Amino acid sequence: MTTTKPTKISDVTRSWNFFDVKDKVLGRIATDIALALMGKSKPYFVRNLDCGDFVVVVNAKYVA
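Residues numbered from 1 in each chain as written. Predicted model: local features only at pLDDT ≥ 70, side-chain atom pairs only at ≥ 80, totals over all residues. Heavy atoms only, no water.

A. Quick peek at unusual backbone geometry. For Asp-23, which is not a glycine, the phi torsion comes out positive at approximately 60°. Relative to the helices and strands, Asp-23 is located in the loop between strand S1 (16-20) and helix H1 (26-38). Notably, Asn-59 is not glycine yet its phi reads approximately 60°, a positive angle. Tracing the backbone through its elements, the reader meets Asn-59 in the segment after strand S2 (54-58). On the basis of relative accessible area, Asn-59 is assigned to the partly exposed category, the value being 32%. (Helix = DSSP H or I, 4+ residues; strand = E, 2+ residues; numbered from the N terminus. Buried < 20%, exposed > 50% of the residue type's maximum accessible area, 1.4 Å probe, protein only.)

B. The arrangement of a nonpolar patch on the surface in detail. A surface patch of nonpolar side chains, about 390 Å² in accessible area, is lined by Trp-16, Phe-18 and Phe-54. In this structure, Phe-54 sits in strand S2. (Patch = residues over 30% accessible without salt bridge, like charges linked within 9 Å, V, L, I, M, F, W, Y side chains within 5 Å. Areas by Shrake-Rupley, 256 points an atom, 1.4 Å probe, with all protein chains shown as cover. Salt bridge = Lys/Arg side-chain N within 4 Å of Asp/Glu carboxyl O.)

C. Geometry of the pattern of salt bridges. What the rule picks out here adds up to two salt bridges. A salt bridge links Asp-50 to Arg-14; the nearest nitrogen and oxygen atoms lie 3.2 Å apart. Of this pair, Asp-50 sits in the loop between H1 and S2 while Arg-14 sits in the segment before S1, and the two are 36 residues apart along the sequence. A residue is classified by how much of its surface remains accessible, and Asp-50, at 45% relative accessible area, is partly exposed. In this structure Arg-14 comes out as partly exposed when scored by relative accessible area, which is 35%. In this structure, Lys-42 engages Asp-53 in a salt bridge whose closest nitrogen and oxygen atoms are separated by 2.5 Å. Here Lys-42, found in the loop between H1 and S2, pairs with Asp-53, found in the loop between H1 and S2; they are eleven residues apart in sequence, far enough to count as distant. The buried category is assigned to Asp-53, whose relative accessible area is 12%.

D. Spotlight on the nonpolar core. Formed by Phe-19, Val-21, Ile-29, Ile-33 and Ala-36, the largest nonpolar core amounts to five residues. Among the elements that make up this core, the one with the highest residue count is H1 (three residues). Beyond its immediate stretch of four places on either side in the chain, Ile-33 contacts Phe-19, Val-55 and Val-57. (Core = buried A, V, L, I, M, F, W, Y, C linked by side-chain atoms within 4.5 Å. Contact = heavy atoms within 4.5 Å.)

Next up, the structure:
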């Protein structure tokens, strides 16, 4: 029988995500940034822990 083990804060690994938003639509890139900040694309995502990554946005002046 397979059991699921709960995610602990020590299991969370954070990485850096760089987003170049030059000539991108604000709403579409904001969705991608929000998913990275929440960590919803990670297999060990749980709502009660901060599983998100660090985000750096460049060229925000030129967003469409």
